[in-house]
Amino acid sequence: MTLASLSAARILLIIGGGVAAYKALDLIRRLRERGASVRVIMTQAAKHFIAPLSAAALSGQKVYDDLFSLTDEAEMGHIELSREADLLVVAPATADLIARMAHGLAHDMATTALLATDKRALIAPAMNLRMWLHPATQRNVALLEKDGVLFVGPMDGEMACGEFGPGRMAEPLEIVAAVEAALTKPTVIPLPAGARGKAAGRSGVLSGRRVLVTSGPTYEAIDPVRFLANRSSGRQGHAIAEAAREAGAAVTLVSGPVAIADPLDIETVHVESARDMLKAVEKALPADIFIAAAAVADWRIAEPGAAKLKKGRGKPPALELVENPDILATIAAAAGKRPRLVVGFAAETENLLANARAKLAAKKADLIVANDVGAASGVFGGKANLVHLVSKDGVESWPSMDKREVAARLISRLAMMLGADS
Ligand code: CTP
């Protein structure tokens, strides 16, 4: 995925311990002014230069600094933290931080996030010119460049120590420009071929399981050029497929037409209509978990025009609608083939929980993820989601979070349910 601009970009800013750390505060402001969200990790050394509270106030988010804080890990683990971002920015990147990055050391939150991430890092070095020019630093910089790490600066200029030369950190706006340039290219670093299966097979909570996910809208033809559809972006469904794969499952994603890329290493079946989606889902069975995240069109046109419908021939055409098959209900009732867990979504604009409970019963699902898709919520097409998990055991409401976070939590919840069930 590439992002055309900073608006809606998610940046993980790692602040190292150097005099230039104060400029990182201005950088947070500049990034946020342009619509980016910024989460901050500070090294222990950075805290000698600036207060975490300043970074928290400017970013509007909690600042992370301690790898072993159980509270932080419960809220958002360091892996999740490093992966929900579109780009990691290290500013200031001290000689020590650069050395630790180059050698894959990971004994604090900053370096662990840098090692665990699946996104590119852009670093803004800042140090005394002797330290910058030292062969050890230059060797480390060359290693990082070879690894695909992006650099902005250092600039020539007068330094806090009074010397003049290369080593001064790029100014916040120069860093912003470099971030914008970095976001015009894909920022996800793919795993080496074949690595995923091995890694996932060892440790994933869903390893050995099959997960089937529907995503996106369906298109129902009116004639060869027109169709009925809805505003689903496919982001939530695709994120669920990715989270299931991250958890080690073998995943099949059946997707309606969407503008986002197929997830890496996931078998993705492309369909248009609800009936085709049902066929593709039935073909992909058996599965341990079925998650119906698609916004399936409830109706289709009874008799789509074989040729383009033309205007000016009397009255506008009367489009007769017929109901589409309900994929979720069909799969939940599939004798002998019903996945152990069947999960649906309830996209509602009113009476959210009552409608979700009704869908749980009517469609015989094990869990309904209810979300408010009224225009004001910005959920359809947006990156965040506010959901309630409705099951026979009751309702659990989650705070508003990124769709990828909803996906990761949903998958770990389903893994637990599957575990408890077997
Ligand atoms: N769903 C499905 N097949 C359909 C319609 C819906 O599989 N033909 C699934 C969706 O993927 C979702 C759940 O059913 O998991 C609920 O979808 P939603 O559109 O909220 O509900 P509907 O059943 O269509 O009911 P209504 O539109 O009347 O609210």
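Everything numeric here is computed off the predicted structure, so don't read it as measured data.

Bringing the overall build of the chain into the picture now. Secondary structure summary: the chain contains 15 helices and 22 strands in total. For the chain, the spread of C-alpha atoms along the principal axes amounts to about 80 × 60 × 40 Å. For the chain, the proportion of its 422 residues judged to be buried stands at 43%. A fraction of 72% describes how many contacts in the chain between residues 6 or more apart in sequence connect residues 24 or more apart.

Right, let's talk about the site of the ligand for a bit. In the neighbourhood of the ligand, 15 residues make up the surrounding shell, with A292, V296, I327, L328 and G344 lying closest. Every element with two or more residues in the shell around the ligand is listed here: α13 (327-332) and β17 (341-348). The element best represented in the shell around the ligand is β17, accounting for 4 residues. Residues belonging to the shell around the ligand are distributed by class as follows: 9 nonpolar, 3 polar and 3 charged.

A word on the nonpolar core. Residues I11, L13, A91 and V179 are the most contacted members of the largest nonpolar core, which totals 59 residues. If you look at the next biggest cluster of nonpolar residues, it comprises 56 residues, including L206, A239, A249 and V254.

Okay, the domain arrangement of the chain next. Domain parsing of the chain yields domain 1 (10-183) and domain 2 (195-421). Here the C-alpha centroids of domain 1 and domain 2 sit 38 Å apart.

The next point concerns the environment of L328. With respect to the secondary-structure elements, L328 resides in helix α13. Overall, L328 belongs to the buried group, with 27 C-beta atoms counted inside 10 Å. Here the alpha-carbon distance between L328 and F290, two residues 38 residues apart in the chain, equals 8.5 Å. Other than its neighbours up to four places away in sequence, L328 contacts A292, G344, K363 and A365.

What follows deals with the sheet that holds strand β4 (residues 87-93). Pairing in this open sheet of 6 strands is parallel, and the strands run β3-β2-β1-β4-β5-β6 from one edge to the other. Every interior strand has two partners, whereas the edge strands, β3 (63-64) and β6 (150-151), have only one. When β4 meets strand β5 (residues 121-125), the two strands line up parallel, connected through 4 bridges. Pairing of V89 across the sheet is with L122, part of β5. In this fold helix α1 (residues 21-33) packs onto β1 (10-15), β2 (37-42) and β4, with an angle of close to 175 degrees to the strand it touches most, β1.

To continue, consider the confidence of the model for the chain. Taken as a whole, the chain shows an average pLDDT of 89; of its residues, 91% reach a score of 70 or greater. Every residue in residues 198-202 is under pLDDT 50, and counting partners more than four places away or in other chains gives 4 contacts.

Helix length check: helix α8 (residues 135-146) (12 residues) gives 16 Å between terminal C-alpha atoms against 16 Å at 1.5 Å per residue, within 8%. Against the buried residues of α8 lie α5 (95-102) and α7 (129-133). Trailing α8 by a residue or two, G148 shows a phi angle of about 90 degrees, which is positive.

Another point: the sheet that holds strand β13 (residues 267-270). Across a sheet, strands are paired by hydrogen bonds formed along the backbone, either parallel or antiparallel in direction. If you walk across this open sheet you meet the 8 strands as β13-β12-β9-β14-β17-β18-β20-β21, and the pairing is mixed. Two strands bound the open sheet, and with one partner strand each, they are β13 and β21 (394-397). Neighbouring strand axes in the sheet, compared pairwise and without regard to direction, differ in orientation by 15 degrees on average. Sheet topology note: the strand β9 (residues 210-215)/strand β14 (residues 289-292) ladder contains 4 bridges and is parallel. Bridge pairing links V213 to I291 in β14. Lying on the sheet, helix α11 (residues 235-246) is in contact with β9, β12 (250-255) and β14; it crosses β9 at an angle near 165 degrees.

Moving on: α11. The first and last C-alpha atoms of α11 sit 16 Å apart over 12 residues, in line with the 16 Å expected at 1.5 Å per residue. The buried fraction of α11 is high, at 12 of 12 residues. Every buried residue of α11 is accounted for by R235, Q236, G237, H238, A239, I240, A241, E242, A243, A244, R245 and E246. Just downstream of α11, G248 is the residue with a positive phi angle, here 100 degrees.

The rules behind these values
Residues numbered from 1 in each chain as written. Predicted model: local features only at pLDDT ≥ 70, side-chain atom pairs only at ≥ 80, totals over all residues. Helix = DSSP H or I, 4+ residues; strand = E, 2+ residues; numbered from the N terminus. Buried ≥ 20, exposed ≤ 12 C-beta atoms within 10 Å, placed from the backbone. Contact = placed C-beta atoms within 7 Å. Near = placed C-beta within 6 Å. Nonpolar A, V, L, I, M, F, W, Y, C, P; charged D, E, K, R; others polar. Core = buried A, V, L, I, M, F, W, Y, C linked by C-beta atoms within 7 Å. Domains from an automatic or database assignment. Pairing = 2+ DSSP bridges. Axes fitted to C-alpha atoms, helices over the stretch in contact; angles between N-to-C directions. pLDDT = per-residue confidence, 0-100. Expected span 1.5 Å × (residues − 1).

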